[in-house]
Amino acid sequence: MKKLVGVVLMWLVSLSIHAQTIDNLSFITEEYPPFNFEKDGKRQGISVDTLVEMLSLVGSRKTRDDIKLWPWARGYETALKEKNTVLFATVRTNAREHLFKWVGPIMPSRIVLVAPKSRNIIIGSIEDLNRSQYKIGVVREDVAEQLLLKLGVKPDRIFRATSGMNVAKMLQAGHIDMWAYGSPVILWNMKELGYATSDYEEVYTLSNSESYYYAFHKNVDDKIIAQFQQALDYLKKSGKFDEIMVRYR
């Protein structure tokens with residue numbers, strides 16, 4: 001009996017130490033609705049609410065108020081350089097694969113080009129896009145910018161902004177010809193700004209083979225990565241993740 005009590009005590013101590021380590025993590029996100037955003041002073045969205053549930057499952061004292069909401073470029077650079085940082089929701093690509101440790105997937109990612117219907121823009125291939133002189137708006141350091149450069153689009157045709165809202169305003173004002181971004185996020189931004197989404201259309205799909213993940217700095221212990229992955233898997237199997245999704249439809 002004494003031996004059993006000792007084992008249990010050691011297990012509890014190890015859990016406590018592990019929780020303290022998890023609480024050293026710094027969580028960073030951006031305005032990227034419906035995945036992560038702030039409204040009425042509250043951090044929320046599919047990936048935010050999911051993370052809050054995961055933190056509870058792994059025994060962390062962190063709350064949604066501890067999540068930092070920064071411009072994407074700042075968050076991305078910080079997550080690359082500073083230990084114990086977690087960036088989300090991050091598209092997991094081949095180029096980024098070895099830059100982080102990953103927990104996910106949260107949801108599939110679909111990166112598209114959207115343009116005003118009135119422009120009658122037709123893009124049938126990457127060759128068509130590269131031969132054109134269209135100005136394309138992106139969020140700085142976003143996966144869409146990285147995809148465009150990888151596909152050979154000239155940098156001087158890419159117009160960068162700090163947020164999706166800013167790119168939406170550029171497109172509405174006619175300063176750019178199209179917007180490269182996540183499909184559901186484009187629609188959300190348009191609606192929030194009061195723009196008629198029926199005036200816009202998808203003219204090309206840049207990528208639909210990746211998914212959104214939580215990107216952990218490479219120094220984070222693999223045991224912590226496993227804990228978060230198990231927590232996410234549980235939320236999906238239990239139906240809790242589906243309940244979160246319904247909130248943002």
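The text that follows walks through the structure, step by step, so that each part is easy to find. The structure presented is a predicted model; accordingly, all values stated were derived computationally and were not measured. (Residues numbered from 1 in each chain as written. Predicted model: local features only at pLDDT ≥ 70, side-chain atom pairs only at ≥ 80, totals over all residues. Heavy atoms only, no water.)

## Describing the overall build of the protein
Our working rule: We count a stretch as a helix when DSSP gives it H or I for four or more residues in a row; a strand needs E for two or more, and each element gets its number in order from the N terminus. Note on classification: 1.4 Å probe, protein chains only; a residue is buried when its accessible area is under 20% of the maximum for its type, exposed when over 50%, partly exposed between these limits. Any two residues having at least one pair of non-hydrogen atoms within 4.5 Å are treated as being in contact. Residue burial considers only the protein chains on display, and all accessible areas are found by Shrake-Rupley using a 1.4 Å probe. His is not counted here, nor are the chain ends, while Lys and Arg score as positive and Asp and Glu score as negative. Charged groups are reduced to one reference atom each: NZ for lysine, CZ for arginine, CG for aspartic acid, CD for glutamic acid.
Scanning the protein for helices and strands turns up nine helices and twelve strands. Expressed as lengths along the three principal axes of its C-alpha atoms, the size of the protein is roughly 80 × 35 × 30 Å. Looking at the 249 residues of the protein, the share that counts as buried comes to 51%. At a minimum sequence separation of 6, the contacts of the protein that also span at least 24 residues come to 75%. Carbon and sulfur atoms form 52% of the exposed surface of the protein, whose accessible area is close to 12600 Å². Measuring between centres, the 34 positive side-chain charges of the protein sit 4 Å from its 29 negative side-chain charges.

## Some remarks on the pattern of salt bridges
Side chains that differ in charge, positive against negative, can pair when their charged atoms come close. Put simply, the rule reads: A pair is scored as a salt bridge if a Lys or Arg side-chain nitrogen falls within 4 Å of a carboxyl oxygen belonging to Asp or Glu.
Enumeration according to the criterion identifies 13 salt bridges in this entry. With its nearest N and O atoms 4.0 Å apart, the salt bridge here joins Lys 81 to Glu 77. Here Lys 81 pairs with Glu 77, and both are found in helix 3 (residues 72-81), just four residues apart, close to one helical turn. Relative accessible area serves as the criterion here: at 26%, Glu 77 is assigned to the partly exposed category. For Asp 222, the salt bridge is made with Lys 101, and the minimal N-O distance between the two is 2.7 Å. Here the residue Asp 222 occupies a position in helix 8 (residues 222-238), and Lys 101 occupies one in strand 6 (residues 101-108), the gap between them amounting to 121 residues. Linked by salt bridges that have partners in common, Asp 49, Arg 64 and Arg 247 make up one network.

## Focus on the sheet that holds strand 10 (residues 178-182)
To be explicit about the condition: We call two strands paired when DSSP finds no fewer than two bridges between them. Axis lines are fitted to C-alpha atoms, over the contacting stretch for helices. Their N-to-C directions set the angle, which ranges from 0 to 180 degrees.
Pairing is mixed across the open sheet formed by five strands, whose spatial order is 9-8-10-7-11. Only two strands of the sheet have a single partner each, and these edge strands are strand 9 (158-161) and strand 11 (200-207). When strand polarity is set aside, the average angle formed by the axes of neighbouring strands in this sheet is 30 degrees. As paired elements, strand 7 (residues 111-116) and strand 10 share four bridges and run antiparallel to each other. Opposite Ile 111, over in strand 10, you have Gly 182 as the bridge partner. Together, strand 7, strand 8 (136-139), strand 9, strand 10 and strand 11 form the strand contacts of helix 6 (residues 164-173), whose direction differs from that of strand 10 by roughly 155 degrees.

## Describing the sheet that holds strand 5 (residues 85-91)
The strand order 4-1-5-12-6 describes an open sheet built from five strands, whose pairing is mixed. Pairing within the sheet leaves two strands with one partner each, and these edge strands are strand 4 (68-69) and strand 6. Sheet topology places strand 1 (residues 26-29) next to strand 5; three bridges connect them, and they run parallel. Among the inter-strand pairings, Ser 26 is bridged to a residue of strand 5, identified as Thr 85.

## A short note on the packing of helix 2 (residues 46-57) against helix 9 (residues 240-247)
The condition that has to hold: By the definition used in this description, the sense in which the near helix is turned from the far one sets the handedness, with an anticlockwise turn below a right angle giving left-handed and a clockwise turn giving right-handed. Residues are sorted three ways: Asp, Glu, Lys and Arg are charged, Ala, Val, Leu, Ile, Met, Phe, Trp, Tyr, Cys and Pro are nonpolar, and all the rest, Gly among them, are polar.
It is at 9 Å that the axes of helix 2 and helix 9 come closest, and there the two elements cross at 145 degrees. Handedness of the helix 2/helix 9 crossing: right-handed. On helix 9, the residues touching Ile 46, Asp 49, Thr 50 and Glu 53 of helix 2 are Lys 240, Phe 241, Ile 244, Met 245 and Arg 247. For the contact of helix 2 with helix 9, a count of residues per class yields four nonpolar, one polar and four charged.

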